[in-house]
Amino acid sequence: MASKIVSVDAGSPAARAGLEAGETLLQIDGVAIRDVLDYKFYSYDAALTLQVMEPDGQTLREVRVRKREGEPLGLNFEHYLMDGMKQCSNRCVFCFIDQLPRGMRKTLYVKDDDARMSFLMGNYISMTNLSEADVDRILRMHISPVNISVQTTNPELRVKMLRNPRAGEALKIMERFAEGGIQMNCQLVVCKGLNDGEELKRSLYDLKALYPAVNTISVVPFGMTRHRENLYPLEPTDKTAAEAILDIVEPFAEECLREFGTRLVWCGDELYLKAERPLPDTEYYEDFTQFENGIGMLPLFMEEFRLALPDYAGRSARPFTIATGAAAAPSMAVLLDEAAAKCDNLNGKVIEIRNDFFGHRVSVAGLITGQDLVAQLKGRDLSERVLISANMLRDGGDVFLDDYTPQQVADAIGVPVVPVEIDGADLLAKIFED
């Protein structure tokens, strides 16, 4: 697919070669460029010949570019992927998007399942919509790592869980990736009564057999909102279910540690909290490869806070309130007690926000909406400001999931709303900010 250039970075190799906005990139070194992967792959070399179409839509010209090997060309296109995003073809029984209420902004209902987004942005894919050409290109270009939502290695069960007849066949692609040296990070979203118990054990051992191509595995509970009308009947992950998952995964991880020098698999923080078990220390998580899946996020946050705390010893701060989800609230209270013991007149408190919007089974801070903050904070003594986790907000920090803005929330509750990055040191910096 030809891609129109919308801008050229100043001083870039493309700018030096005379490429201009409005032109359309057709080929690099004689290869047709259909998307962002082709663009990045074929523009790597130091000497390139580009074929472009001028803005009149008829005139072709060749442009020779010289640059450092691996240096970006500096072209920007109408769309990041340079063509359409592949949509998900599954109807997973645990799909979170299917559990969203109506009336939210349209982008929240988009289900992407695009291998390019896996490589470029870290998204997880099911592989059910990969064509043979897609698989061949991943192998040929050695696009690695690929993040894969596996859920189960039982083909029949995977078809049932993803409700896609290709779901079982897609598992064979992982074997081809392994043979081709493609690194894979895998995810198992565990649903009580489906892929837990013996099925979870089977999946772990099947994935272990693909090590080291299978680089990491995360095990997380499925997220259950209150909006499940006419959806597959699933049970929530309760304390007993969380304990059972941990009792399978942790011994398996120790077995892998003995054999490979890595645990290979980690459970989400939420499982430890549901099971009411202590979170592991940060060394347990090795390289934190699965951090974005909520693997080790809270232990790392707490360690960052504690490492930064001595820098604030003896200092005082303006009064504040931390508003967070039920999962993190007890840990935040512990950290504030530790800070109060080292700092002068630290006047802060934690308020746990129930998730009325999605349902009380949803306890993570990242799914708290602006309207729940307003409903539960308005009229309360909030001191001088409210600190919230920045992951409650869309990338860019402009709106909550329900399209409330931080300023709207601040106006409603009567004090400023201060987003805090997922970093314990940033929490301290915001607490002691003038």
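See the structure printed just above.
Small disclaimer: the values here were computed from a predicted structure and weren't measured.

For the protein, the helix and strand inventory stands at 14 helices and 14 strands. The globule rule puts the C-alpha radius of gyration for 434 residues at 22 Å, and the 25 Å found for the protein is close to it. Over its C-alpha atoms, taken along the principal directions, the protein stretches across nearly 70 × 55 × 45 Å. Scored against the burial criterion, the 434 residues of the protein give a buried share of 50%. Contacts in the protein between residues at least 24 apart in sequence constitute 70% of all its contacts with a sequence separation of at least 6. Of the roughly 20,000 Å² of accessible surface on the protein, a fraction of 50% belongs to carbon and sulfur atoms. Between the averaged position of the 47 positive side-chain charges in the protein and that of its 67 negative side-chain charges there is a distance of 4 Å.

Across the 8 residues of helix α14 (residues 424-431), 6 count as buried, placing the element largely inside the fold. What α14 keeps buried is the set Gly424, Asp426, Leu427, Leu428, Lys430 and Ile431. In this fold, the buried residues of α14 make contact with α10 (297-308), β11 (320-325), α11 (329-342), β13 (386-389) and β14 (417-420).

Judged from the 2 bridges that link them, strand β1 (residues 3-8) and strand β2 (residues 24-28) form a sheet pairing that is antiparallel. By the bridge assignment, Lys4 is partnered in β2 with Thr24. Two strands pair when backbone bridges link them, and β1 and strand β6 (residues 75-77) are joined in this way by 3 bridges, in the antiparallel orientation. Residue pairing in the sheet places Ser7 in a bridge with Asn76 of β6.

Put simply, Ser144 and Pro145 share a cis peptide bond, and its omega is 5°. Assignment of secondary structure puts Pro145 in the loop between α4 (132-141) and β7 (146-149). With omega at 10°, the peptide bond leading from Tyr211 into Pro212 counts as cis. One non-glycine residue with positive phi stands out, namely Asn345, at about 50°. Assignment of secondary structure puts Asn345 in the loop between α11 and β12 (348-353). On the accessibility criterion, Asn345 (70% relative accessible area) is exposed. Residue Asp403 is not a glycine yet carries a positive backbone phi of 75°. As for its position among the elements, Asp403 is in the loop between β13 and α13 (406-413). On the accessibility criterion, Asp403 (36% relative accessible area) is partly exposed.

Let us now look at the side chain of Lys67. Looking at the element boundaries, Lys67 is found in the loop between β5 (60-66) and β6. The side chain of Lys67 sits in the buried core without any salt bridge; Glu71 is the nearest counter-charge, 6.0 Å away. Here the side chain of Lys67 touches Asp45 through a polar contact of 2.9 Å, landing on its backbone oxygen. Excluding anything up to four places from it in sequence, Lys67 contacts Pro13, Ser43, Tyr44, Asp45, Ala46, Leu48 and Leu73.

This paragraph deals with the environment of Pro280. Relative to the assigned elements, Pro280 resides in the loop between α9 (269-275) and α10. For Pro280, a relative accessible area of 14% puts it in the buried group. Pro280 sits 16 residues away from Gly296 along the chain, and the two C-alpha atoms are 7.9 Å apart. When sequence neighbours within four positions are dropped, the list of residues in contact with Pro280 reads Tyr272, Tyr285 and Pro299.

With that out of the way, let us pick up the sheet that holds strand β10 (residues 265-267). On the basis of which strands lie adjacent, the open sheet formed by 4 strands has the order β7-β8-β9-β10 and parallel pairing. The open sheet has two edge strands, β7 and β10, and neither has a second partner. Direction aside, neighbouring strands of the sheet carry axes that sit 20° apart on average. In the sheet, β7 pairs with strand β8 (residues 184-190) via 4 bridges, with the strands oriented parallel. Paired with Asn147 across the bridge in β8 is Asn185. Packed on one face of the sheet, helix α6 (residues 171-179) meets β7, β8 and β9 (214-221) and runs near 155° to β8.

Here the focus is the packing of helix α7 (residues 197-208) against helix α8 (residues 239-260). How two helices pack is summed up by the angle between their axes together with the distance between the axes. At a minimum axis distance of 10 Å, the contact between α7 and α8 shows a crossing angle of 20°. For the element pair α7 / α8, the angle class is roughly parallel. Regarding α7 and α8, the two cross each other, and that crossing is right-handed. Contact residues: α7 offers Gly197, Leu200, Lys201, Leu204, Tyr205 and Lys208, while α8 offers Ile245, Ile248, Val249, Phe252, Glu255, Cys256, Glu259 and Phe260.

Rules used throughout
- Residues numbered from 1 in each chain as written.
- Predicted model: local features only at pLDDT ≥ 70, side-chain atom pairs only at ≥ 80, totals over all residues.
- Heavy atoms only, no water.
- Helix = DSSP H or I, 4+ residues; strand = E, 2+ residues; numbered from the N terminus.
- Rg over C-alpha atoms; globule rule 2.2 N^0.38 Å.
- Buried < 20%, exposed > 50% of the residue type's maximum accessible area, 1.4 Å probe, protein only.
- Contact = heavy atoms within 4.5 Å.
- Areas by Shrake-Rupley, 256 points an atom, 1.4 Å probe, with all protein chains shown as cover.
- Lys, Arg positive; Asp, Glu negative; His and termini not counted.
- Charge placed at Lys NZ, Arg CZ, Asp CG, Glu CD.
- Pairing = 2+ DSSP bridges.
- Salt bridge = Lys/Arg side-chain N within 4 Å of Asp/Glu carboxyl O.
- Polar contact = N/O pair within 3.5 Å; in protein donor to acceptor, adjacent residues only side chain to side chain.
- Axes fitted to C-alpha atoms, helices over the stretch in contact; angles between N-to-C directions.
- Parallel < 35°, antiparallel > 145°, perpendicular 65-115°, else oblique.
- Left-handed = near helix turned anticlockwise from the far one by under 90°.

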